[in-house]
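# Notes for the structure review
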Amino acid sequence: MPSHLFADHPHAQPPERGAVDALISQARRLRGGLDAVRREAAAGGFPDEDARLRWQRALCDLAVHHLDDLGGHLDQLREGLPGGPADGSDDSLQLPAAPPDPDPEARARGSLLSRVGSAEWNLLTDEVSWSDELYGIFGRDPADGPLTLDELPSLIFCDDQPQLTAMVTDCLVDGKPIDGEFRIVRPDTSVRTVHMVGEPVLDADGSTACMWAVLRDVSELRRSQRAVRETRDSLQRQRHIAQTEHRLAVELQEAVLPPWRGSLRFPHGGPAALDLAAHYLPSGSSALIGGDWYDALQLPDGRTLLSAGDLTGHGVAATGGMAMLLGALRGMAVSGQEPGPLMGFLNQLLDASAQPALGSAVCCRFDPATRRLDWAQAGHPAPLLFRDGHGRELQPPEGVLLGATSGATYAQRSEQLAPGDLLVLYTDGLVPCRRTAEADGAHEGTERLLALAPRFAGARSAQDSVRIVVEEFGSAEREDDACVLIAKVCDGNRPS
């Protein structure tokens, strides 16, 4: 409803009908494209379980409301244009029609025109006029007539009544425009949010003669905005939790894995020793901190324990489980347990854990006096032995994954090592599996490592050999993190 304050202002020139039709076409194309985006977001997962999907869907719903409002405004603008030419031009010219509405039923349910109404309250005659749309917004029967300004608060939500009273008073007494929102309680007890804008209409002596207002039902718009805020906040909370868990997982991993950097030599004296070096390779996504580990420990009797393993899962749960297994492995190894029985105890520990998980591991015990290697494995890649420029995979003893079955037993094998031998322990995430069959991918990784034999033969130390592995595999985009531990057999009285 136009304000009488501006009745003497010249009218602006109406827009061309063709320009309005073009804008309507663009708005409807945008609406159709947005519907496609909404369908893709809905098909991308389960919105109730993924905060990002819920946030995307809420944003789409909010954009739908804005586009529907834009379409309603443009439709109203076109309907308000003259039906025929006003300047005597040829009326036989056919203007292009706007394309059909992609969802006319949805437009009818949430039409902008049905959500915007107008009212005027005449203070001199006490007359009140409401548009038909305003009756619909308030859920009021037109036969009951409009509400006066004194009666209007009876339908306003009690907490919002003071705000409405203040806006109306400022308008009538001080001549201030109205611009605010309040909630109404309809006769069917439903609550709607209404945005109201209005102005006072002044008489000749400057007194307020009447007040006019346009009221818009913004309930669905506010609901969509609220959904966007809530899903955005939920997504931010999840990101904060994920960042915190990632930091804890990294700190736990750094605290558990061996603190040594560069080469390590076990034992420090004797007829033979192992020159040791290791490296951790993160996954392609730095957020995926897994349960991979490597370890080297000198035992009280002078022998050396080497191990590598991988626990399923990622995050704090995986690194916490890895810490538990590695601590148990060290403790039992110090007590003198052989690699085979040791694996059996680890299986019992993981099987009885409160958080079920599966793990793979390889455990080797090196005796420097005899250069004999005793080892066992639990569903893990076998160590690779390199000698005189050639490499081979050690024949694995029987052993299922840790935690896969109760009461599993693990066999043990022995390998005689010689000075200059290079032993490589690694986890299966070292080589990204590009093939469908997991076994094929593991075989590919083994072959790529064995192909490094000539380069290993030219390496002077275990650390140099680790650098070769990192050069070969470090730049690959891997789905999982990985570890590699290399031991080179050398004379205990001379450097390697």
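First things first, this report covers the structure right here in the doc. Small disclaimer: the values here were computed from a predicted structure and weren't measured.

### Quick notes on the overall build of the protein
- In terms of helices and strands, the protein carries 11 helices and 16 strands.
- Among the 496 residues that make up the protein, the fraction classed as buried is 42%.
- Expressed as a percentage of contacts within the protein between residues at least 6 apart in sequence, the contacts between residues at least 24 apart total 65%.
- On the protein, roughly 25400 Å² of surface is accessible, and the fraction owed to carbon and sulfur atoms is 53%.

### With respect to the pairing of strand β15 (residues 422–426)
- Counting buried positions along β15 yields five of five residues, so the element is predominantly enclosed.
- Of the two faces of β15, the one carrying L422, V424 and Y426 and the one carrying L423 and L425 are both buried.
- By the bridge criterion, three bridges tie strand β12 (residues 384–387) to β15 in an arrangement that is antiparallel. Looking at the pairing, L385 lines up with L423 of β15.
- As paired strands, β15 and strand β16 (residues 482–491) are joined by five bridges and run antiparallel to one another. Bridged to Y426 within β16 is V484.

### Points about the packing of aromatic side chains
- Tallying each qualifying case throughout the model produces three aromatic pairs.
- When the ring of W130 is compared with that of F138, the centres are 5.1 Å apart and the planes differ by 40 degrees; the resulting orientation is tilted.
- An angle of 85 degrees between the planes, with centres 4.8 Å apart, marks the rings of F386 and F456 as edge-to-face. Taken together, the residues F386 in strand β12 and F456 in helix α10 (residues 453–457) connect sequence positions 70 residues apart.
- Relative accessible area serves as the criterion here: at 5%, F456 is assigned to the buried category.
- Grouped by ring-pair contacts, the aromatic residues W130, Y135 and F138 constitute a single cluster.

### What about the sheet that holds β12?
- The strand order β6-β7-β16-β15-β12-β13 describes an open sheet built from six strands, whose pairing is antiparallel. Each edge of the open sheet carries a strand with a single partner, namely β6 (264–266) and β13 (390–393). Shown here is a sheet whose adjacent strand axes are inclined to one another by a mean of 25 degrees, direction ignored.
- Strand direction decides the pairing type here: β6 and strand β7 (residues 272–281), joined by three bridges, are antiparallel. Paired with R265 across the strands is D275, a residue of β7.
- Along the sheet face, helix α11 (residues 462–473) touches β7, β15 and β16 and points at about 25 degrees away from the line of β7.

### As for the pairing of β16
- Counting buried residues in β16 gives nine out of 10 residues, a clear majority hidden from the surface.
- Of the pairings in the sheet, the one linking β7 to β16 comprises 10 bridges and is antiparallel in character. Bridge pairing in β16 places A273 opposite C490.

### Considering α11
- Taking 1.5 Å per residue as the helical rise, α11 with its 12 residues ought to reach 16 Å, and the 17 Å between its terminal C-alpha atoms agrees with that figure.
- Listed as buried for α11 are A462, Q463, S465, V466, I468, V469 and F473.

### What to know about the environment of L349
- Structurally, L349 is set in helix α8 (residues 339–351).
- For L349, a relative accessible area of 29% corresponds to the partly exposed category.
- Taking the C-alpha atoms as reference points, L349 and L402, 53 residues apart in sequence, are found 8.9 Å from one another.
- Beyond its immediate chain neighbours, meaning those up to four positions away, L349 contacts M324, L325 and A328.

### What about the side chain of S307?
- Position of S307 relative to the elements: it lies in strand β9 (residues 304–311).
- On the basis of relative accessible area, S307 is assigned to the buried category, the value being 0%.
- At 3.4 Å, the side chain of S307 forms a polar contact with the side chain of W293.
- Dropping the residues within four chain positions of it, S307 is found in contact with W293, Y294, D295, L326, L329, V362, C363, L425 and L485.

Thresholds applied
- Per chain, residue numbering runs from 1 following the sequence as it is written.
- This being a predicted model, a pLDDT of at least 70 is required before a residue's local features are given, and a value of 80 or more before pairs of side-chain atoms are given or counted; all residues contribute to the totals for chains, interfaces and linings.
- In computing side-chain properties, one takes all heavy atoms of the structure into account and sets aside hydrogens as well as water.
- Segments assigned H or I by DSSP are reported as helices when at least four residues long, segments assigned E as strands when at least two residues long, and all are numbered from the N terminus.
- Burial here depends on accessible area, computed with a 1.4 Å probe over protein chains only, as a share of the maximum for the residue type. Under 20% is buried, over 50% is exposed, and the range in between is partly exposed.
- Residue contacts are counted whenever heavy atoms from the two residues lie within 4.5 Å of one another.
- Computed with a 1.4 Å probe, the accessible areas rest on the Shrake-Rupley method; for each residue, only the protein chains presented here act as cover.
- Two strands form a pair only when DSSP identifies at least two bridges running between them.
- Centres within 6.5 Å are what make two rings of Phe, Tyr or Trp a pair, Trp counting through its six-membered ring; a difference in plane orientation under 30 degrees is then read as stacked, over 60 as edge-to-face, and the rest as tilted.
- Comment: axis = line fitted to C-alpha atoms, over the contacting stretch for helices; angle = value between 0 and 180 degrees taken between N-to-C directions.
- For a helix, the expected span equals 1.5 Å multiplied by the residue count minus one.
- For this analysis, a polar contact is any N or O atom pair within 3.5 Å, provided that within protein one partner can donate a hydrogen and the other can accept it, and provided that sequence-adjacent residues contribute only side-chain to side-chain pairs.

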